[in-house]
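# Coordinate analysis (summary)
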Amino acid sequence: KKKKKKKKKRKLNDVDEQDDDDSDEESRKKKKELLEERIDKSVKLCLEIADEKCALAARAYDLVDEHITKLDKDLRVFEDEARNNTNANPKNKPNAQGGQNDKKKDQVGSPYYVNEADPNEPTYCYCKRVSFGEMVGCENDKCKIEWFHFSCVGLDPTVKLKGKWYCKECKLNMKLKKK
């Protein structure tokens, strides 16, 4: 009888241990799933933050680049004006062609020429000047500026554009909308 009781106890203990093992395994699985969910959420958050940082860095780069471009243009204008002032005939005497020295005449071929004769002529580009030379249009229908001088956006007029072209602001807005 004692042997039978011992066998029954062993069987009950084995069943209890198996139940404990099953519940431990289930709790481990649940913990693992919870940890995996937390890790997935953390990774997604990290990726979002990284994308945001990239967009901010790109915007900062574009702003700095835009200001450097403006400074370069201003420097070229200043150098051209200084060169014209040192080469100018004194007291606006007629030059060899019979006309007077006129800064506007010297600048007509220049990308810095601004036609002051017609104040109603529309202005374009980041430089807010009239249309001249080669220009490129932003493909975004809602672009505030629409048209840009090749020289102002760093494009070479001798190289044909492939595909669609968007200005810096429209590119940035499209990147931000994708998020």
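Here goes a summary of the coordinates provided. (Residues numbered from 1 in each chain as written. Predicted model: local features only at pLDDT ≥ 70, side-chain atom pairs only at ≥ 80, totals over all residues. Heavy atoms only, no water.)

### Here we look at the overall build of the protein
Along the protein, the regular secondary structure elements total three helices and two strands. What you see in the protein, going N to C, is helices and strands ordered as α-α-β-β-α. A buried classification covers 14% of the 179 residues belonging to the protein. Total accessible area computed for the protein in this model is approximately 15400 Å², and 53% of it derives from carbon and sulfur atoms. (Helix = DSSP H or I, 4+ residues; strand = E, 2+ residues; numbered from the N terminus. Buried < 20%, exposed > 50% of the residue type's maximum accessible area, 1.4 Å probe, protein only. Areas by Shrake-Rupley, 256 points an atom, 1.4 Å probe, with all protein chains shown as cover.)

### Brief notes about the state of the cysteines
Summed over all chains, the structure comprises zero disulfides. Cysteine Cys138 shares no disulfide, and the gap to the nearest cysteine sulfur, in Cys170, comes to 3.7 Å. You can call Cys138 buried: its relative accessible area is 11%. Take Cys170: it sits in no disulfide, and the sulfur closest to it among the cysteines is that of Cys167, at 3.5 Å. (Disulfide = S-S within 2.5 Å.)

### Quick notes on a negative patch on the surface
There is a patch of like negative charges on the surface, built from Glu33, Glu36, Glu37 and Asp40. For Glu37, the location among the structural elements is in helix H1 (residues 2-87). (Patch = residues over 30% accessible without salt bridge, like charges linked within 9 Å, V, L, I, M, F, W, Y side chains within 5 Å. Salt bridge = Lys/Arg side-chain N within 4 Å of Asp/Glu carboxyl O. Lys, Arg positive; Asp, Glu negative; His and termini not counted. Charge placed at Lys NZ, Arg CZ, Asp CG, Glu CD.)

### So, the pattern of salt bridges
It is possible for side chains of opposite charge to pair when their charged atoms get near one another. A complete count under the given rule lists two salt bridges for this structure. Across the salt bridge formed by Glu25 and Lys29, the nearest N and O atoms sit 3.9 Å from each other. With a gap of four residues between them, Glu25 and Lys29 both fall in helix H1, about one helical turn apart. Residue Glu66 is joined to Lys70 by a salt bridge in which the shortest nitrogen-to-oxygen separation is 3.5 Å. Residue Glu66 and its partner Lys70 are located together in helix H1, separated by four residues, close to a single helical turn.

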